[in-house]
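An overview of the molecular structure
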Amino acid sequence: MTVAAVTGVASRSCSPLPTSSACSTAVPSNAKRRVGARPRVVSALTGFRGAISLALALSVSTTLAFGQSFPHRDTIVFVTAGVILITLVLQGIVLPSVVRWARLRTDTAVTEEHHLARTHAAQQALSALPDLAADLSTDPDVVDRVRREGEEHLALAQAHSNDTDDGTQTDPALRHAKQYTALRLAVIAHKSRTMIELRDEHRIDDTVLREMQTALDIEEIRLRGREDAPQLPGQG
């Protein structure tokens, strides 16, 4: 009876994904976030552990209250350790096949939220532009320039949803943005080399060079943060 109880503990543990067991947290009621059958199989397979089971087995007292040896204590520890070992070895072997069978979907929630934030923010900014320009008494040509930039940002945000990682995307907005970023980075690199040449010719000192390079570095970071632009030769 005792051996069977401890063995049962060794074969159960908390699953890393939300399930209906007592050790899981509350599962969201949203149907889109429910875990399907195949992910639950993967969760059950990877959820087996053994630290708690082994700790419980080792915590069994060696003697009873009357000084007698605890019956079958060594058997309890042996069976528990054996179950843990079999669990780790067998499940480790079959886990890759089970994961391929499950065909787990890629979590795109963060990407979708990024797309929503970019698109909605750009749309709201364009809508508020006339009022903002009126409050600031901005010249019409400046307003037109900001509007064009905002429309480009909106088109780029909408095009990101169709972007692919294999380089096959053909959206004009994305292609324009990538080419624009690459060209701007090349111009920054050329400016940096030119300023170094001026320093080497003693036409500017190191202080001016550092200040100018700091400004160029900030601009480069801003550009690389906008898009996943291709790396320039010689740049890491």
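Note that the structure is predicted; figures quoted are calculated from it, not measured. (Residues numbered from 1 in each chain as written. Predicted model: local features only at pLDDT ≥ 70, side-chain atom pairs only at ≥ 80, totals over all residues. Heavy atoms only, no water.)

Some thoughts on the pattern of salt bridges
Any two side chains of opposite charge can pair, on the condition that their charged atoms come close. All chains considered together, the criterion is met by 7 salt bridges. With its nearest N and O atoms 3.2 Å apart, the salt bridge here joins Arg199 to Asp206. Judged by its relative accessible area of 39%, Asp206 falls in the partly exposed class. Put simply, Arg199, Asp200 and Asp206 are held in one network by salt bridges that share partners. (Salt bridge = Lys/Arg side-chain N within 4 Å of Asp/Glu carboxyl O. Buried < 20%, exposed > 50% of the residue type's maximum accessible area, 1.4 Å probe, protein only.)

A word on the nonpolar core
Grouped together as the largest cluster of nonpolar side chains are 6 residues: Leu185, Ile188, Met195, Leu209, Leu216 and Leu223. Listing elements by their share of this core, those giving two or more residues are helix 7 (172–200) and helix 8 (206–226). Beyond its immediate stretch of four places on either side in the chain, Leu209 contacts Met195, Ile196, Arg199 and Ile204. (Core = buried A, V, L, I, M, F, W, Y, C linked by side-chain atoms within 4.5 Å. Helix = DSSP H or I, 4+ residues; strand = E, 2+ residues; numbered from the N terminus. Contact = heavy atoms within 4.5 Å.)

Some points on unusual backbone geometry
A positive phi angle, close to 60 degrees, is found at His72, a residue other than glycine. Judged by relative accessible area, which is 58%, His72 ranks as exposed.

Some details on the packing of helix 3 (residues 51–58) against helix 4 (residues 73–102)
For the pair helix 3 and helix 4, interaxial distance at closest approach is 9 Å and the crossing angle is 170 degrees. As far as their axial angle goes, helix 4 and helix 3 are roughly antiparallel. Contact residues: helix 3 offers Ser53, Leu54, Ala57 and Leu58, while helix 4 offers Arg73, Ile76, Val77, Thr80 and Ile84. (Axes fitted to C-alpha atoms, helices over the stretch in contact; angles between N-to-C directions. Parallel < 35°, antiparallel > 145°, perpendicular 65-115°, else oblique.)

Looking at helix 2 (residues 37–46)
Restricting attention to buried positions, one finds in helix 2 the residues Val42, Ser43 and Leu45. Relative to the axis of helix 2, the buried residues are bounded by an arc of 165 degrees and lie together on one face. On its buried side, helix 2 packs onto helix 4. (Arc of directions from axis to C-beta.)

Some details on the packing of helix 5 (residues 109–136) against helix 6 (residues 140–160)
Look at helix 5 against helix 6: their axes get within 8 Å of each other, and the N-to-C directions meet at 165 degrees. One finds that helix 5 runs roughly antiparallel with respect to helix 6. Viewed along their axes, helix 5 and helix 6 form a crossing whose handedness is left-handed. Residue-level contacts link His115, Arg118, Thr119, Ala122, Gln123, Leu126, Leu129 and Ala133 of helix 5 to Val143, Val146, Arg147, Gly150, Glu151, Leu154, Ala157, Gln158 and His160 of helix 6. By residue class, the composition of the contact of helix 5 with helix 6 is 8 nonpolar, 6 polar and 3 charged. (Left-handed = near helix turned anticlockwise from the far one by under 90°. Nonpolar A, V, L, I, M, F, W, Y, C, P; charged D, E, K, R; others polar.)

Overview of helix 5
If you check helix 5, its first and last C-alpha atoms are 38 Å apart, about what 28 residues at 1.5 Å a residue would give, namely 40 Å. Among the residues making up helix 5, those that are buried are Thr119, Ala122, Leu129 and Ala133. The inward-facing, buried residues of helix 5 abut helix 6. Phi for Ser137, located one or two positions after helix 5, is positive at around 55 degrees. (Expected span 1.5 Å × (residues − 1).)

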